[in-house]
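Take a look at the letters that make up each chain.
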Amino acid sequence: MNVVTRFAPSPTGFLHIGGARTALFNWLFAKHYDGRYLLRIEDTDRKRSTQEAIDAIINGLEWLNLMPDEQPIYQSENTERQSQIVSELLANGKAYKCYCSPDELLTMREKARAAGKTRLYDGTWRDRDPTDAPKDIQPVIRFRAPIKGETVNQDLVQGSVTVSNSQLDDMVLLRADGSPTYMLSVVVDDHDMGVTHAIRGDDHLTNSFRQIQLFHAIGWAPPQYAHIPLIHGPDGTKLSKRHGALGIDSYREMGFLPEALLSYLLRLGWSHGNEEIIPLDKAIDWFDINDVGRGAARIDFDKLSYINSQYIQEKDDETLLELIKDPIEQKIGFSLDKKSMKRLKSGIHSVKSRVKIIPELIDNVKFYVQKRPLTLNKKALKVLNNDARHRLAQLADTLQELSSWSEASIEKAIKDFVNKNEINLKQIALPFRAALTGTTVSPGIFEVANVLGQQETIARLKDITHI
RNA sequence: GCCCCCAUAGUCUAGCGGCCUAGGACGCCACCCUUUCAAGGUGGAGAUCGCGGGUUCGAAUCCCGCUGGGGGUACCA
């Protein structure tokens, strides 16, 4: 089978986390079956679609590395073809003109709802003589939906889902201004694009019945549908802006890596035995749509952060350095010279296993490049009591005399210093760290001193002892 | 209101009639490592498998009802 999938967002807002997962599943499914993965912008609602939203979607997909195999398709560019299909339906009686006014429709709906009905349009113009048509009203075109029988969607995720045709009313295909509605456009475009598998959010599940009916009426075979569950907020309710209904760009700003986000999203609703962190090539190998769960999942930032920390640890130092260079310059307020870059590069290595998100990496590594004298935080200040300062002054002299500067030689010097003064390591290591980093948290202090260099280390010590 | 979907620890999930005294992961706790904080390692607490009925020798797994959650109900997508 020649698999074709599509991600079909409407450009009325940003690309959110649910959309990203839908794109991912479509992408994986296509890759798994060696098929094509396409992008279609559903912009049939011209009033609500914006260029900003289109850009946000494209940028988000680019960042996530989920760009389509072919140029994006804009639904609004196919209106001619979509309308032509309606003319055919009109010609063979499978669609008809409806002259109801919006007000009429409204009261009709209220009446139907009050009567406990689902079919909200009563079919007023379904069989009415067209010569009754009022002259001053532009009609909409409605689909003449089957009344008897039932429509079945053999959903790849939800299983067999059936609805009685008596529940579905005659949907609008063409608006009064002649523009196609979403229901029409999806059907025509999915067919024309050769879509074999439509993987989309659960919110479309009930739409699938109408679309299947339309496919049959036109004489086309519908694609296989797969309705994946929606993502909920941490409290189990609908995702809101407070939660995580954020644009993908926000996740980027929060310091998540795209591959980590993808990895997290993959395991949200899909699983492969007890596998947790799954490399992309394995994901392609293992992914199949019927392994997707049917219940909605909540977004969990703790787990996302954990996954992210794992990916940060895997990243090589150069890539990480590239990632933090600009933000760190912004943070410290001056641009990094060659020496600072070198320090950062060696410093990153052991810091990366201590952080979960990129901003943390920046915070934990920035002391390497900050200008002297360092600002000491409260805890560091507390560690640097008179005793400590006195010892650091002595240590500075000792270190001054070191002819070779390496982690090993520094360690030896300090351990000798500890023995000579009959103190324990903590008594000098902690103040040493405070003086060198301005904080009480950092990688091993021998490493820090080594990366800083002899000159800078001693200078930072003297900054403290001279106060 | 009506239609449709879902339901295993706080969270993500494994499980597809006996292998389950329900497994893994995040989070939480403890210990080890240790100059701090992480990472890493080891161990632990945490689930009457939403509830109630069936079917069966046997059910988390199949069926029905209930409850709870979600989605849809537009000349939005």
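Note that the coordinates shown come from a computational prediction; the quantities given were computed from them, not determined experimentally.

The next subject is the packing of aromatic side chains. In this structure the tally under the stated criterion is eight aromatic pairs. Residues Trp270 and Phe287 carry aromatic rings whose centres are separated by 5.6 Å and whose planes lie at 35 degrees to one another, so their mutual orientation is tilted. Taken together, the residues span a long stretch of sequence, with Trp270 in the loop between α8 (258–267) and α9 (280–286) and Phe287 in the loop between α9 and β12 (297–298) at a distance of 17 residues. Through pairs of rings, three or more aromatic residues link up here, namely Phe25, Trp270 and Phe287.

Before going further, it helps to examine the protein's contact with RNA strand B. Around RNA strand B sit 68 residues, and of these Asp45, Thr118, Arg175, Arg354 and Ser442 come closest. Atoms of RNA strand B within 4 Å of the protein: sugar and phosphate make up 70%, bases the balance. At 3.2 Å from a phosphate oxygen of RNA strand B is found a main-chain nitrogen or oxygen belonging to Arg298. Within the contact set of RNA strand B, a sugar or linking oxygen lies 2.9 Å away from a backbone nitrogen or oxygen of Ser353. Put simply, the parts of the chain that give the surface near RNA strand B at least two residues each are α4 (102–114), β5 (140–143), β7 (159–164), α5 (182–192), β12, α10 (301–314), α17 (425–437) and α18 (445–452). Residue classes in the surface near RNA strand B are distributed as 23 nonpolar, 23 polar and 22 charged.

The next subject is the sheet that holds strand β8 (residues 172–174). Within the open sheet, the three strands sit side by side as β4-β5-β8. Their pairing is antiparallel. With one partner strand each, in any of the chains shown, β4 (95–98) and β8 form the two edges of the open sheet. With strand direction ignored, the average angle separating the axes of adjacent strands in the sheet is 45 degrees. Judged from the four bridges that link them, β4 and β5 form a sheet pairing that is antiparallel.

Looking now at the confidence of the model for chain A. Residues with a pLDDT of 70 or more make up 99% of chain A, whose mean pLDDT is 93. Reported confidence for the predicted complex is 0.95 by ipTM and 0.94 by pTM.

Glancing now at the pairing of β7. Here strand β6 (residues 150–155) runs beside β7; their pairing, made up of six bridges, is antiparallel. From the neighbouring strand, Val152 faces β7, where its bridge partner is Thr162. Hairpin connection of β6 to β7: three residues between the antiparallel strands.

Our next topic: unusual backbone geometry. Cis geometry is found at the peptide bond from Arg372 to Pro373, where omega equals -10 degrees. Note on placement: Pro373 falls in the loop between α13 (358–365) and α14 (378–383). A positive phi angle, close to 55 degrees, is found at Asp34, a residue other than glycine. Position of Asp34 among the secondary structure elements: in the loop between α1 (17–32) and β2 (36–41). Under the relative-accessibility criterion, Asp34 is labelled exposed at 70%. Although it is not a glycine, Asn65 sits at a positive phi angle of roughly 65 degrees. Mapped onto the secondary structure, Asn65 falls in the loop between α2 (51–64) and β3 (73–74). Judged by its relative accessible area of 62%, Asn65 falls in the exposed class.

Definitions and cut-offs
- Numbering of residues starts from 1 in every chain and runs along the sequence as written.
- Just so you know, chain letters begin at A and ligand numbers begin at 1, following the order they were written in.
- For this predicted model, a pLDDT threshold of at least 70 governs which residues receive local features, and a threshold of 80 or more governs which side-chain atom pairs are given and counted, while totals over whole chains, interfaces and linings are taken from all residues.
- Working from all heavy atoms in the structure, the side-chain values ignore hydrogens and water.
- Any two rings among Phe, Tyr and Trp, with Trp reduced to its six-membered ring, count as a pair given centres within 6.5 Å; such a pair is stacked if its planes are under 30 degrees apart, edge-to-face if over 60, and tilted if neither.
- Numbered from the N terminus, helices here are DSSP runs of H or I no shorter than four residues, and strands are runs of E no shorter than two.
- Working definition: residue near molecule or strand if any one of its non-hydrogen atoms lies within 4 Å of it.
- What qualifies as a polar contact is a pair of N or O atoms within 3.5 Å, subject to a donor-acceptor requirement within protein and to the restriction that residues adjacent in sequence count only when both atoms come from side chains.
- Only Asp, Glu, Lys and Arg are considered charged, only Ala, Val, Leu, Ile, Met, Phe, Trp, Tyr, Cys and Pro nonpolar, and every remaining residue, Gly among them, polar.
- Only strands that DSSP links by at least two bridges are regarded as paired with each other.
- Under this scheme, a helix contributes an axis fitted over its contacting stretch, all axes are lines through C-alpha atoms, and angles between N-to-C directions fall in the 0 to 180 degree range.
- Scored from 0 to 100, pLDDT reflects the predictor's confidence in each residue.
- Under the scheme applied here, a residue whose accessible area is under 20% of the maximum for its type counts as buried, over 50% as exposed, and between as partly exposed, the area being computed with a 1.4 Å probe on protein chains only.

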